[in-house]
There are 2 protein chains.
Amino acid sequence: MKLEKEIPYKIYLSEDELPRYWYNVRADMKNKPAPLLNAATGKPMTAEELGQVFCDELVAQELNDTDRDILIPTEIRDFYKMYRPAPLTRAYCLEEKLGTPAKIYYKFEGNNTSGSHKLNSAIAQAYYAKKQGLKGVTTETGAGQWGTALSMACAYLGLDCKVFMVKCSYEQKPFRREVMRTYGASVTPSPSMETAVGRKILAEHPGTSGSLGCAISEAVEVASKDPAYRYVLGSVLNQVGLHQSIIGLEAKAAMDKYGIKPDIIIGCAGGGSNLIGLIAPFMGEKLRGEADYRFIAVEPVTCPSFTRGRFAYDYCDTGAICPLAKMYTLGSSFIPAATHAGGLRFHGMSPVLSQLYHDGLMEAMAVEQTRVFEAAEMFARCEGTLPAPESSHAIYAAMQEALKCKETGEEKVILFGLTGTGYFDMYAYEKFHNGDMVDYAPADEELEAAFARLPKID
Amino acid sequence: MKLEKEIPYKIYLSEDELPRYWYNVRADMKNKPAPLLNAATGKPMTAEELGQVFCDELVAQELNDTDRDILIPTEIRDFYKMYRPAPLTRAYCLEEKLGTPAKIYYKFEGNNTSGSHKLNSAIAQAYYAKKQGLKGVTTETGAGQWGTALSMACAYLGLDCKVFMVKCSYEQKPFRREVMRTYGASVTPSPSMETAVGRKILAEHPGTSGSLGCAISEAVEVASKDPAYRYVLGSVLNQVGLHQSIIGLEAKAAMDKYGIKPDIIIGCAGGGSNLIGLIAPFMGEKLRGEADYRFIAVEPVTCPSFTRGRFAYDYCDTGAICPLAKMYTLGSSFIPAATHAGGLRFHGMSPVLSQLYHDGLMEAMAVEQTRVFEAAEMFARCEGTLPAPESSHAIYAAMQEALKCKETGEEKVILFGLTGTGYFDMYAYEKFHNGDMVDYAPADEELEAAFARLPKID
């Protein structure tokens, strides 16, 4: 063990050091992310229009491109204290195993029952709904991390929580469903007979196992029909990235405490919520010209929004009910293969990250899932923690960068986001152990067909 | 929220404050726990005899009734630093929910992939095996927490790990099995054809779904046939209690830091490993006359070793291969009902705890599982963390004591051990949600029949 005396395994911040403000990276962006558009009019969504779907305070956050620091309400900070500050861990054992001179750090966000960073935004969105006097919220969930996080937040605040869970996940992950029920949420397999859109889809495709796009449409429909409810979303949106900045702010505070400056910052990217959260304050320094960092987004080859997608306006849901967002997208009609990183199976990408990537401020790479699981298993054996398949994309990339350092002898400092745990992904690990895991990349023709169906705007 | 400014939600110790010595409570006991007996000779097991099954250093710890402080080797301390010090949490939200003036604290041991405190002893036992130049270790696992912990420790040290998993758990908890495989362990459903004892049992009971006692016998047989292997056990033994004292030492250090003195200390009890670990330093003060505390062991009504058992010499395994231990026991032939707290389904109890209980130094109570799951769900909704069914026995008892304070107005300080997480117990939660959970207590006749088969010693 090459334990450096001055740097502990885990750098903890005290509760007093928990950030008091979220950081709004859009305030420092020269090229702002493009606004959401009303699909019917082609015009930017107004606060009033957005307010029919989202809570007022969240609409304000969604549209706020100018204020750099947004105060975290005391009630949210109190909830954060139940599982935050999250530790920044030095991966001493992994470094030793790789034989690299690189110094690897990871910010672990799995220390709560939802098993991921999703709770950071779930409690914020639930809080503002409660503050607005609403009775409850609706949402969709795929892999189940977001639904679990929202259930926990709603249980804490006494809000009703209706989750539409993609039917195949509902059936394949019964334990995820039970966790949500433990926290008092109602969980409905989607498509369902409870909504018009669900009934329509079931009539057209009686045997369908559902999709995230369909579940979003059902959740939005339910919320829009009851003025005491609003819809909430766990990724992609600006407001979500804002809440997730707590990850990067804590990571930076922990590093600053020991005078550590990362050279490379790595995160997995599905809708982009953890990545934007992790890199936000570092990106802010880069945007302001105060420091330079390399940022790497890691996505699955099965759903390569950054590396093979188009930067264009597109729908966030398959049902084309939601507003249009300008983002790197594979097309809302693209259906990614059923890989084991359910949290990264979204056709689009955060508009903020998309703009930053478009402006050349960050890099992206795509990885095959068998490589990801090899990295996950090696990490688990060295570092103890069993990582989620999603998080393991970042582990893979961090290991690759560390191995490059081994060749060059450079002592680079690598920071990556360990977004969650893999307790509910053991079926995927089993497939990996049994050699039954296959890799798949969409054919160019498949992507071209989806691009051809992109809405004609821009 | 009635947040007291001076007491944070979570009291963390720094890595420097991680204890350097385990505390051996036997050194302070006036009435020492009775020695293990050789079943064949009826005489106390010698170090040499024990050395055929256990590593030498662990044998020394097993027999050491005199040294109060046992140095934790640096290598073990380094491993501890990967997930320790574990936080001591103030249950502010639960207190508020109960409306109690009591102050409730819990020591959370689930912040590692094994999901429980078992890792504290697994790394110690694996370390001494490695140090002795052995190739590997064998063990049994029921609920799977111990097997997972040992797999993690062995992966870290590069030791071979053979786990015999009770067949019904192997089939009902395939994800537990996959976690162990992720950490490189071989996992065999027990009874198996790999051992003489397994083949014998399968010949006699072809359809058996196995038992902990049978799995122990198989693991011991495999270890005893290869000089490069030793058997390791996750509870009951003195050495395990010693390693687990890290729990109580950290809890006490955290409380001392803020001048908090607990009135009541509560833990669940199966074989007793977490309970002895949690109470050890406090019990030491009580034994030395320096302070007084109430200690409460909480066990399931289905397996009531303390509350309905006999204090007598008995076998630790059903196969009667292991030495005899003097303990509170329901008889090694007693088969507890298949409840959902698999970690508490052991017929006996730690000899150290048994002696302390016999001497009137602690209390015990038994709880029905539906009450336990009600407490578990309430706790999850308030405090966020999803507790293991085993741990939830302690939650139930802590809530009961807090409700008594509500009646009397007393501001008692309650400390309980939250030993682990319930991620792999969602099948049990599902039964609870669906109203399919039943309670069961063994009939007096059933216990009398098992007592009648106790070995005639004492």
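Residues numbered from 1 in each chain as written. Chains lettered and ligands numbered in written order. Predicted model: local features only at pLDDT ≥ 70, side-chain atom pairs only at ≥ 80, totals over all residues. Heavy atoms only, no water.

(A) Spotlight on the overall build of chain A. Secondary structure assignment for chain A yields 18 helices and 15 strands. In terms of overall dimensions, chain A has a C-alpha envelope of 60 × 50 × 45 Å along the principal axes. Here chain A, with 458 residues, has 66% of them falling under the buried criterion. A separation threshold of at least 6 residues defines the contact pool for chain A, and within that pool the share at least 24 residues apart is 77%. With 48 positive and 57 negative side-chain charges, chain A shows a spacing of 1 Å between the two charge centroids. (Helix = DSSP H or I, 4+ residues; strand = E, 2+ residues; numbered from the N terminus. Buried < 20%, exposed > 50% of the residue type's maximum accessible area, 1.4 Å probe, protein only. Contact = heavy atoms within 4.5 Å. Lys, Arg positive; Asp, Glu negative; His and termini not counted. Charge placed at Lys NZ, Arg CZ, Asp CG, Glu CD.)

(B) How the structure looks around the packing of helix 12 (residues 273-287) of chain B against helix 14 (residues 351-358) of chain B. All names here are of chain B. In contact at an axis separation of 12 Å, helix 12 and helix 14 are set at 45° when each is read in the N-to-C sense. One element, helix 12, and the other, helix 14, form an angle in the oblique class. Between helix 12 and helix 14 lies a crossing whose hand is left-handed. For the pair formed by helix 12 and helix 14, the contact residues are Leu275, Ile276, Ile279, Met283 and Leu287 on the first element and Val352, Leu353 and Leu356 on the second. (Axes fitted to C-alpha atoms, helices over the stretch in contact; angles between N-to-C directions. Parallel < 35°, antiparallel > 145°, perpendicular 65-115°, else oblique. Left-handed = near helix turned anticlockwise from the far one by under 90°.)

(C) Representation of the sheet that holds strand 9 (residues 229-231) of chain B within the structure. Residues and elements named next belong to chain B. With parallel pairing, the four strands of this open sheet are ordered in space as 8-7-6-9. A single partner strand is all that each edge strand has here, and the edge strands are strand 8 (186-190) and strand 9. For this sheet the average axis-to-axis angle between neighbouring strands, irrespective of direction, equals 25°. With three bridges joining them, strand 6 (residues 136-141) and strand 9 adopt parallel strand pairing. Looking at the pairing, Val137 lines up with Arg230 of strand 9. Packed on one face of the sheet, helix 8 (residues 174-182) meets strand 6, strand 7 (160-166) and strand 8 and runs near 175° to strand 7. (Pairing = 2+ DSSP bridges.)

(D) Quick look at empty space enclosed by the protein. Taken as a whole, this structure holds eight cavities of 30 Å³ or more when the rule is applied. The volume enclosed by the largest cavity comes to roughly 650 Å³. In this structure, the largest cavity is lined by 45 residues; those nearest its centre are Phe108 and Asn111 of chain A together with Phe108, Gly110 and Asn111 of chain B. Among the elements of the structure, strand 6 (136-141), helix 6 (145-157), helix 10 (212-224), helix 12 (273-287) and helix 16 (389-408) of chain A are those that each provide at least two residues to the lining of the second largest cavity. (1 Å grid on protein atoms, 1.4 Å probe; cavity = no way out; pocket = protein on both sides within 12 Å on 5 of 7 lines; lining within 4 Å. Points joined across faces, edges and corners; volume = space filled by probe spheres on them.)

(E) Representation of the sheet that holds strand 10 (residues 264-268) of chain B. Residues and elements named next belong to chain B. With mixed pairing, seven strands are arranged side by side in an open sheet as 1-4-5-15-10-11-14. Looking along the sheet, the strands with just one partner apiece sit at the ends: strand 1 (10-11) and strand 14 (363-367). Contacting strand 5 (103-108), strand 10, strand 11 (294-300) and strand 15 (413-418), helix 12 runs over the sheet at an angle of about 155° to strand 10.

(F) Focus on helix 17 (residues 426-433) of chain B. Every buried residue of helix 17 of chain B is listed here: Met426, Ala428, Tyr429, Glu430 and Phe432 of chain B. At its buried positions, helix 17 of chain B is contacted by helix 8 (174-182) of chain A together with helix 15 (369-383) and helix 16 (389-408) of chain B. Of the residues flanking the end of helix 17 of chain B, it is Gly435 of chain B, one or two places downstream, whose phi is positive at about 70°.

(G) The arrangement of the confidence of the model for chain A in detail. Overall, the predicted model of chain A reaches an average pLDDT of 94, with 99% of residues at or above 70. Under the prediction, the complex receives an ipTM of 0.92, its pTM being 0.95. (pLDDT = per-residue confidence, 0-100.)

(H) View of the relation of the copies chain B and chain A. If you rotate chain B by 180° and push it 0.0 Å along the axis, it lands on chain A with an RMSD of 0.0 Å. Seen this way, the second copy is the image of the first under a two-fold rotation axis. (Least-squares fit on C-alpha atoms with pLDDT ≥ 70 in both.)

(I) Just the packing of aromatic side chains, in detail. Residues and elements named next belong to chain B. Following the criterion strictly, the structure yields 39 aromatic pairs over all chains and no others. Ring geometry for Tyr328 versus Tyr357: centroids 5.1 Å apart, planes at 75°, classification edge-to-face. In this pair, Tyr328 is assigned in strand 13 (residues 324-329) and Tyr357 in helix 14, connecting sequence segments 29 residues apart. A relative accessible area of 9% places Tyr328 in the buried class. Between Phe373 and Tyr429, the aromatic rings sit 5.1 Å apart at their centres with planes inclined by 80°, giving edge-to-face as the arrangement. Of this pair, Phe373 sits in helix 15 while Tyr429 sits in helix 17, and the two are 56 residues apart along the sequence. (Phe/Tyr/Trp six-rings, centres within 6.5 Å; stacked < 30°, edge-to-face > 60°.)

(J) Structural view of the side chain of His243 of chain A. Residue and element names in this part refer to chain A. For His243, the location among the structural elements is in helix 11 (residues 238-257). The exposure class of His243 is buried, given its relative accessible area of 0%. Beyond its immediate chain neighbours, meaning those up to four positions away, His243 contacts Trp22, Leu58, Gln61, Tyr80, Asn120, Ser121, Ala124, Gln125 and Tyr128.

(K) Spatial organisation of the pairing of strand 7 of chain B. All names here are of chain B. The buried fraction of strand 7 amounts to five of the seven residues, a majority that puts the element mostly inside the structure. Note that strand 6 and strand 7 share six bridges and pair parallel. Note that in strand 7 the partner of Gly136 across the bridge is Asp160. After leaving strand 6, the chain enters helix 6 (residues 145-157) and then returns to the sheet as strand 7, a path that is right-handed. As judged from the five bridges shared by strand 7 and strand 8, these two strands associate in the parallel manner. The residue of strand 8 that forms the bridge with Phe164 is Thr188. (Right-handed = clockwise from strand over helix to strand, strands pointing away.)

(L) View of the pattern of salt bridges. As enumerated under the stated definition, the model contains 61 salt bridges over all chains in all. In this structure, Glu290 of chain A engages Arg288 of chain A in a salt bridge whose closest nitrogen and oxygen atoms are separated by 2.8 Å. For Arg288 of chain A, a relative accessible area of 31% translates into the label partly exposed. The partner of Glu109 of chain B in a salt bridge is Arg84 of chain B, with the nearest N and O atoms 2.7 Å apart. Of this pair, Glu109 of chain B sits in the loop between strand 5 and helix 5 (119-131) while Arg84 of chain B sits in the loop between helix 3 (74-80) and strand 4 (88-90), and the two are 25 residues apart along the sequence. (Salt bridge = Lys/Arg side-chain N within 4 Å of Asp/Glu carboxyl O.)

(M) Structural detail: the state of the cysteines. If you walk through the whole model with that rule in mind, you get zero disulfides over all chains. Counting only cysteine sulfurs, Cys322 of chain A is the nearest neighbor of Cys316 of chain A, a cysteine outside any disulfide, at a range of 6.2 Å. For the unlinked cysteine Cys382 of chain B, the closest cysteine sulfur is that of Cys93 of chain B, found at 6.8 Å. Residue classification places Cys382 of chain B among the buried residues on the basis of a relative accessible area of 7%. (Disulfide = S-S within 2.5 Å.)

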